[in-house]
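So you can see what is in the structure, the chains are spelled out below.
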Number of protein chains: 2
Amino acid sequence: MKLSERKVLRKKEQILLSAINIINQKGYSGTTMEEVASELLMTKGSLYYYFKNKSDLMYQCHNFVLSQATKDLESILEDGGPVKDVLKKMIETHITYAIDEKETFNLIMEPKRFFNEEQLELVLKLRNHYEGLFDEIIQRGIEVDEFHAEEPKIARMIILGAMNWVQQWYRPEGRLSKEDLITLYSDYILKILE
Amino acid sequence: MKLSERKVLRKKEQILLSAINIINQKGYSGTTMEEVASELLMTKGSLYYYFKNKSDLMYQCHNFVLSQATKDLESILEDGGPVKDVLKKMIETHITYAIDEKETFNLIMEPKRFFNEEQLELVLKLRNHYEGLFDEIIQRGIEVDEFHAEEPKIARMIILGAMNWVQQWYRPEGRLSKEDLITLYSDYILKILE
DNA sequence: ACTTAATTTTAAACGTAAGTCAAAATTTAA
DNA sequence: TTAAATTTTGACTTACGTTTAAAATTAAGT
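Residues numbered from 1 in each chain as written. Chains lettered and ligands numbered in written order. Predicted model: local features only at pLDDT ≥ 70, side-chain atom pairs only at ≥ 80, totals over all residues. Heavy atoms only, no water.

**Focus on the packing of aromatic side chains**
Thought 1: In this structure the tally under the stated criterion is 10 aromatic pairs over all chains.
Thought 2: Look at Tyr97 of chain A and Phe105 of chain A: their rings are 5.6 Å apart centre to centre, the planes differ by 25 degrees, and that puts the pair in the stacked class.
Thought 3: Exposure remark for Tyr97 of chain A: the relative accessible area of 9% places this residue in the buried category.
Thought 4: On the basis of an interplanar angle of 90 degrees and a centroid distance of 6.1 Å, the ring pair of Trp169 of chain B and Tyr170 of chain B is categorised as edge-to-face.
Thought 5: Judged by relative accessible area, Trp169 of chain B falls into the buried class, the value being 19%.
Thought 6: By way of ring pairs, the aromatic residues Tyr97, Phe105, Tyr130 and Phe134 of chain A are connected into one cluster.
Thought 7: The aromatic ring of Tyr28 of chain A is capped on one face by Lys54 of chain A, whose charged end is 4.7 Å from the ring centroid. (Phe/Tyr/Trp six-rings, centres within 6.5 Å; stacked < 30°, edge-to-face > 60°. Buried < 20%, exposed > 50% of the residue type's maximum accessible area, 1.4 Å probe, protein only. Lys NZ or Arg CZ within 6 Å of the ring centre and 35° of its normal.)

**Some remarks on the relation of the copies chain B and chain A**
Thought 1: Overlay of chain B on chain A (RMSD 0.1 Å): rotation 180 degrees, translation along the axis 0.0 Å. The superposition of one copy onto the other is thereby described by a two-fold rotation axis.
Thought 2: A share of 97% of interface residues in chain B that are also interface residues in chain A marks the association as one of identical surfaces. (Least-squares fit on C-alpha atoms with pLDDT ≥ 70 in both. Contact = heavy atoms within 4.5 Å.)

**Notes on the environment of Ser75 of chain B**
Residues and elements named next belong to chain B.
Thought 1: Tracing the chain through its elements places Ser75 in helix 4 (residues 54-79).
Thought 2: You can call Ser75 partly exposed: its relative accessible area is 36%.
Thought 3: Along the primary structure Ser75 and Glu173 are separated by 98 residues, whereas in three dimensions their C-alpha atoms are 30 Å apart. (Helix = DSSP H or I, 4+ residues; strand = E, 2+ residues; numbered from the N terminus.)

**Brief notes about the UniProt feature "domain: HTH tetR-type" (unreviewed entry) in chain A**
Thought 1: The sites that UniProt annotates as "domain: HTH tetR-type" (unreviewed entry) are residues 9-69 of chain A.
Thought 2: The distance separating the terminal C-alpha atoms of residues 9-69 of chain A is 21 Å; by composition the span is 85% helix and 0% strand. (UniProt positions renumbered as here; feature names shortened; annotations may be inferred.)

**Side note on the interface of chain B and chain A**
Thought 1: Opposite the 39 residues of chain B that make contact, chain A presents 38 residues.
Thought 2: Of the roughly 3,300 Å² buried between chain B and chain A, counting both surfaces, carbon and sulfur atoms make up 58%.
Thought 3: Taken together, the links from chain B to chain A amount to 2 salt bridges.
Thought 4: A salt bridge links Arg175 of chain B to Glu151 of chain A, with the nearest nitrogen and oxygen atoms 3.1 Å apart.
Thought 5: Between the two partners, chain B and chain A, sit 10 residue pairs in polar contact (both at pLDDT 80 or more).
Thought 6: Elements that contribute at least two residues to the side of chain B that touches chain A include exactly helix 1 (3-30), helix 7 (111-114), helix 9 (152-169) and helix 10 (178-192) of chain B.
Thought 7: Per-element tally for the side of chain B that touches chain A: the top contributor is helix 9 of chain B, with 12 residues. (Buried area = accessible area lost by both parts, 1.4 Å probe. Salt bridge = Lys/Arg side-chain N within 4 Å of Asp/Glu carboxyl O. Polar contact = N/O pair within 3.5 Å; in protein donor to acceptor, adjacent residues only side chain to side chain.)

**What about the protein's contact with DNA strand C?**
Thought 1: In the region of DNA strand C, 17 residues are neighbours, and Lys44 and Lys54 of chain A together with Lys11, Tyr49 and Tyr50 of chain B sit closest.
Thought 2: Counting only the atoms of DNA strand C within 4 Å of the protein, the fraction contributed by sugar and phosphate is 68%.
Thought 3: In the environment of DNA strand C, a phosphate oxygen lies 3.1 Å from a nitrogen or oxygen atom belonging to the side chain of Tyr48 of chain A.
Thought 4: Those elements giving two or more residues to the surface near DNA strand C turn out to be helix 3 (44-50) of chain A together with helix 1 and helix 3 (44-50) of chain B.
Thought 5: At 4 residues, helix 3 of chain B tops the list of elements feeding residues into the surface near DNA strand C.
Thought 6: Of the residues in the surface near DNA strand C, the class split is 6 nonpolar, 7 polar and 4 charged. (Near = heavy atom within 4 Å. Nonpolar A, V, L, I, M, F, W, Y, C, P; charged D, E, K, R; others polar.)

**Describing the nonpolar core**
Thought 1: Within the largest apolar cluster, 125 residues are counted, with the highest numbers of intra-cluster contacts made by Leu57, Trp169 and Tyr185 of chain A together with Leu57, Trp169 and Tyr185 of chain B.
Thought 2: When neighbours within four sequence positions are excluded, Tyr185 of chain B is seen to be in contact with Ile154, Met157 and Ile158 of chain A together with Ile95, Ala162, Met163, Val166 and Trp169 of chain B. (Core = buried A, V, L, I, M, F, W, Y, C linked by side-chain atoms within 4.5 Å.)

**Some remarks on helix 9 of chain B**
Thought 1: For helix 9 of chain B, with 18 residues, the first-to-last C-alpha span of 27 Å sits near the 26 Å given by 1.5 Å per residue.
Thought 2: Across the 18 residues of helix 9 of chain B, 16 count as buried, placing the element largely inside the fold. (Expected span 1.5 Å × (residues − 1).)

Shown next, in the form of structure tokens:
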């Protein structure tokens, strides 16, 4: 790889990190290309040299965060251990992302609105892979007879939905600590798989 | 009430119904004031005679649909019967709205992005009321010892999240019929409350 | 029916933010 | 040092929400 190519990659990553910050504060619609640019002392025109358009930039931010979450889950799965413990760790990770990276983690919410067809395909692929990691642990649990589910994929959808909804109501400054929240969710989710 | 006032109300409702249709097809961002207006053979300027701005219009669409859903749930609750059956009916109603009125039912998703403070307050009030209806049936169930939940409101959040997520993946043309979906969801949700 | 007042609609603006582009500036490589 | 490649600029276009003053229409009183 040429020097110049590496430079472009570095710049792209700089832009991504900066954009992720702004998006997590102001949301997708609240974030302007102008603001992302000025944060890095560029003009917005330059952004279009690195990213095709706003939704491309947003897509890559989402991708960045989701890929990181994916890696986290993969390493939890690899570490192995009792299925219930593994699932609990996965739940903890997912909920933590959902809260801490609220906006970028869940651009997920309305992918069709924001992404074009090509991006959408990639998002869905990555998302399927991510969701598949939950299927994997559920499957393991079923095999060792610790989990039971008639339609495991539906159970997984229910679990994911329950966890994602956390963003809609949870406030860190509220009555429940993040730890409490995660404990409660883990317990309820395990009941689903009983 | 004067004739003119009634006329305004009728017109407002016409606009709402038309807007709800467009929003459910194209989503909030995909819907332009221009399009809503032209659907009714008006110019977009006129819309601003009836609604303060776009987010006011969208808010009222959401309100309209959510109010209808609320009435449906209230009448199910009033009818009474075995708590599990009542809850199942409520689940069916909620999921049906979530699928059929996808966009307007769940402007819910990101209320802060779209609504101003005043609207937000009203939305949250209505939403709390709506959610409270689920608390009510859960409470009934606990009292007759058919449901068990340590933190019933968290259980309710989990249930709502699970149901709302349906919009993200369910396709009527897919493998599962809406009936299958609702049956599966009901069964899983009842497990949460076991 | 006629006149005046109130209501409703219009069309032409404006503001903001996304996206484009040709030229200018800078960097790289020979 | 110079020519080519890369990167940045800023002015322009377009789209859409929103405002506004004036025009058109409708209602009400006599």
